[in-house]
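Structure assessment
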Amino acid sequence: MLGNYERRHFLSGEKIWLGRYRNLTNILHWHFECEIIRIVKGKAKIKIGDFCFDAVKDDCFFCRSEELHYITCEPDTLVDIAIFDETLAAEITSKYTVASPKLPKNIPIEVHFHYIKKELSQKRQFYREALENHARGLFIDIFRNCQIAKCEDKVSLYKNLITKINDEFSFITFEDAVQYSGYSSSHFSKVFKKLTGMNFSEYLNIIKIENAIMLLRDNNATMTSISLKCGFSTIRNFNRVFKKVTGYSPLSLPKDFIMETGLHISRTDHFDPTDKASILL
């Protein structure tokens, strides 16, 4: 799965959002804001960066700005999610991250969340300022009590590369991507597979076929023009890849077909990684 950019929107000039979900599930994504996850009840699988966790009640996790992550909850699981504007503690979070996203039990995340929820609901005078000061204290609490590491910039490179592939899918090659990354071919392949779970050609074919599906819904487009616009040199190759990715030939594709790869072409500010079955309480 490939991570998509989620643009967060805060209300009323606030720089913190807090919500509780039942059955939360979302696909791999990233955003500029920092995030703290707390399992209130039940169990969940969580991936943050290179780490994967089987989370249970009272487990808490920190996800820094631009970190790729997702969560899949078991039925009836309750999860608290807090989102913090990246500027709140940028002097710390722009330079350092926690060595492991899982937070130690001695950090009272539940107490912090209770305070944030109270301020957001009551909206007393100067509540925004109070919340921002509290958030800075929370981040200091986290970084004082965790082993920390200097931030690496591989995520930014990854995001820029994916954007380039999405924009140039009809003609970009493996060699182009390798040259853009600055890595050797072998190292690029390892990094790309580690970050995405698939190799370059698999990802590129998915992007091509997603674009082909959109073009197929234009009744004026011919199969030849679609295959050429999506970077296929022959109709035969186009049909073969289309069937491999979707399970259907281009002509037999159901009108209501939805790609089930967990990958979406996200070029707007309206991308939402959260599954519709997730309930915000």
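Residues numbered from 1 in each chain as written. Predicted model: local features only at pLDDT ≥ 70, side-chain atom pairs only at ≥ 80, totals over all residues. Heavy atoms only, no water.

For the rest of this paragraph, the subject is unusual backbone geometry. Residue D58 is not a glycine yet carries a positive backbone phi of 75 degrees. Judged by relative accessible area, D58 falls into the partly exposed class, the value being 33%. Notably, D76 is not glycine yet its phi reads approximately 70 degrees, a positive angle. You can see D76 is positioned in the loop between β8 (69-73) and β9 (78-84). Given a relative accessible area of 46%, D76 falls into the partly exposed group. (Buried < 20%, exposed > 50% of the residue type's maximum accessible area, 1.4 Å probe, protein only. Helix = DSSP H or I, 4+ residues; strand = E, 2+ residues; numbered from the N terminus.)

Below, the discussion takes up the packing of aromatic side chains. With the rule as written, the count across this model stands at 14 aromatic pairs. Ring centres of F84 and F139 lie 5.3 Å apart, and the angle between their planes is 80 degrees; on these two criteria the pair is classed as edge-to-face. Remark: F139 occurs in helix α3 (residues 127-145) and F84 occurs in strand β9; sequence separation between them is 55 residues. On the basis of relative accessibility, which here comes to 0%, the residue F84 falls in the buried class. Assessed through its relative accessible area of 1%, F139 is described here as buried. Taking the centre distance of 5.6 Å and the plane angle of 70 degrees together, the rings of F174 and F188 count as edge-to-face. (Phe/Tyr/Trp six-rings, centres within 6.5 Å; stacked < 30°, edge-to-face > 60°.)

Another aspect to go through is the pattern of salt bridges. Tallied over the entire structure, the rule returns 12 salt bridges. Between D58 and R38 there is a salt bridge, with its nearest N and O atoms 3.6 Å apart. With D58 in the loop between β6 (51-56) and β7 (60-63) and R38 in strand β4 (residues 34-41), this residue pair connects regions lying 20 residues apart in the sequence. Residue classification places R38 among the buried positions, given a relative accessible area of 6%. In this structure, E119 engages R124 in a salt bridge whose closest nitrogen and oxygen atoms are separated by 3.1 Å. Relative accessible area serves as the criterion here: at 49%, R124 is assigned to the partly exposed category. Each of R20, R38, K57, D58, D80 and E110 takes part in a single network of salt bridges with overlapping partners. (Salt bridge = Lys/Arg side-chain N within 4 Å of Asp/Glu carboxyl O.)

Counting residues in hydrophobic clusters, the biggest one holds 30 residues, and the most contacted among them are I165, F192 and F200. For this core, the secondary-structure elements that each account for two or more residues are β3 (25-30), α4 (154-167), α5 (174-181), α6 (185-196), α7 (200-216) and α9 (235-246). For this core, the leading source of residues is α7, giving eight residues. Of all hydrophobic cores here, the second largest spans 25 residues; its members include A89, V98, L120 and A135. (Core = buried A, V, L, I, M, F, W, Y, C linked by side-chain atoms within 4.5 Å.)

On to the confidence of the model for the protein chain. For the protein chain, the average pLDDT comes to 86, and 90% of its residues sit at 70 or higher. Note that residues 262-269 has pLDDT below 50 and, in this model, 26 contacts with residues that lie over four places away or in other chains. (pLDDT = per-residue confidence, 0-100. Contact = heavy atoms within 4.5 Å.)

Bringing the packing of helix α2 (residues 109-122) against α3 into the picture now. How two helices sit against one another is set out by the angle between their axes and by the gap between those axes. With their axes 10 Å apart at the nearest point, α2 and α3 run at an angle of 170 degrees to one another. The orientation of α2 with respect to α3, classified from their angle, is roughly antiparallel. Between α2 and α3, the contacting residues are I109, H112, Y115, I116, E119 and L120 on the first element and Y127, A130, L131, H134, L138 and D141 on the second. The residue makeup of the contact of α2 with α3, split by class, is eight nonpolar, two polar and two charged. (Axes fitted to C-alpha atoms, helices over the stretch in contact; angles between N-to-C directions. Parallel < 35°, antiparallel > 145°, perpendicular 65-115°, else oblique. Nonpolar A, V, L, I, M, F, W, Y, C, P; charged D, E, K, R; others polar.)

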